[in-house]
Amino acid sequence: MAYQHLLVQALKELERTTKDYLRKEQIEAAGATITTCSAIAAASSVVSLIPGATVVANAAWVAAIWGMYIKINKDLGISIKENALKSLASAVLTNILATAGAYIALFLAATAIGFIPGLNVLATPLSVILGYITVYASGLLYIKLLTKLFKAHSSFEFSESAAKTLAKSVVAENNISEILNEGRSAYRSDKKDGKIN
């Protein structure tokens, strides 16, 4: 599976930071989880063909992010409290949307168009692409967050109350436009390879 540049960098940094704690195979599995969950989010966004269901697709992204975080943790053999992960998934998505102006405009347009019978078919391609990009960016940022946690504490522990602060700081420290562009590039690559219909 071919990874994009920023994801490769993030995975390598996690490997360097946790050199005696995590194995390379665990980190590679986490990378595969990110691309797989991104494709699943894109596929679930097809529900937006039903008028008004774009909101359901958007809610599915949060669930996909949370599920991806759980799977990444299993891949890495780490345990983080479920409530903290739920809070983190929501906080990461909120911070991505708050940071990327053009992205939020597309998100709102797809949601609004999704309520108009007949025009809702126009929302579907937007929703599919945005679903993939959102989950991809959230996965990449989660890897960066885990790296930051381990550097600071030599562990992956954080509280539910710290989730919002962690998400905000990781998003602020990274170029979200660059990450979203890489997510779009990864979407195109997976679509070309037939991983997304």
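Thresholds applied
Along each chain, the written sequence defines residue order, and numbers are assigned to residues from 1. Owing to the predicted nature of the model, reporting of local features is limited to residues with pLDDT of at least 70; listing and counting of side-chain atom pairs is limited to 80 or more, with chain, interface and lining totals taken over all residues. Excluded from the side-chain calculation are hydrogens and water; included are all heavy atoms of the structure. A run of H or I in DSSP counts as a helix once it spans at least four residues, and a run of E counts as a strand once it spans at least two, with each numbered from the N terminus. Relative accessibility thresholds used throughout: buried, under 20% of the residue-type maximum; exposed, over 50%; partly exposed, between the two (1.4 Å probe, protein chains only). Whenever two N or O atoms come within 3.5 Å, that pair is a polar contact, provided that in protein one can donate a hydrogen and the other can accept it, and provided that, for residues adjacent in sequence, both atoms are side-chain atoms. Contacts are residue-level and defined by heavy atoms, with any inter-residue pair within 4.5 Å sufficient. The aromatic pairing rule takes the rings of Phe, Tyr and Trp, using the six-membered ring of Trp, and pairs them if the centres are within 6.5 Å, calling planes under 30 degrees apart stacked, those over 60 edge-to-face and the rest tilted. For helices, the fitted axis covers only the stretch in contact; all axes are lines through C-alpha atoms, and the angles between them, taken along N-to-C directions, range from 0 to 180 degrees. Comment on the angle field: the value is read as roughly parallel under 35 degrees, roughly antiparallel over 145, roughly perpendicular from 65 to 115, and oblique elsewhere. Charged residues are taken to be Asp, Glu, Lys and Arg, nonpolar residues to be Ala, Val, Leu, Ile, Met, Phe, Trp, Tyr, Cys and Pro, and polar residues to be all remaining types, Gly included. Think of a nonpolar core as a cluster: buried Ala, Val, Leu, Ile, Met, Phe, Trp, Tyr and Cys residues, connected wherever their side-chain atoms sit within 4.5 Å.

A. Representation of the side chain of D75 within the structure. By the secondary structure assignment, D75 is in helix α3 (residues 54-76). Overall, D75 belongs to the buried group, its relative accessible area being 11%. Within the local environment of D75, its side chain forms a polar contact with the side chain of T33, the two groups lying 2.4 Å apart. Residues within four places of D75 in sequence aside, it is in contact with Q26, A29, A30 and T33.

B. View of the packing of aromatic side chains. Scanning the model with the defined rule gives 6 aromatic pairs in all. Centre to centre, the rings of Y21 and F150 are 5.0 Å apart; their planes meet at 45°, and the pair counts as tilted. Of this pair, Y21 sits in the loop between α1 (5-17) and α2 (24-44) while F150 sits in helix α6 (residues 120-153), and the two are 129 residues apart along the sequence. Classification of Y21 as partly exposed rests on a relative accessible area of 46%. Note on F150: relative accessible area 10%, which makes it buried. Put simply, the rings of Y21, F150 and F156 pair up and form one aromatic cluster.

C. Region of the structure containing the packing of α1 against helix α8 (residues 176-192). Their axes nearest at 8 Å, the elements α1 and α8 cross at an angle of 115°. In terms of their interaxial angle, α1 and α8 are classed as roughly perpendicular. Between α1 and α8, the contacting residues are H5, L6 and L7 on the first element and E178, I179 and E182 on the second. For the contact of α1 with α8, the residue count by class is 3 nonpolar, 1 polar and 2 charged.

D. Structural context of unusual backbone geometry. With a phi angle near 55°, S154 is a residue other than glycine that sits in the positive phi range. Within the fold, S154 resides in the loop between α6 and α7 (160-172).

E. Structural context of the nonpolar core. Residues Y69, I72, L76, I80, L88, Y142 and L146 are the most contacted members of the largest nonpolar core, which totals 58 residues. Broken down by secondary-structure element, the contributors of at least two residues to this core are α1, α2, α3, α4 (82-99), α6, α7 and α8. In terms of residue count, α6 provides more of this core than any other element does, 15 residues in total. Sequence-distant contacts of Y142, defined by excluding residues within four places in its chain, comprise Y69, I72, N73, I80, L85 and L88.

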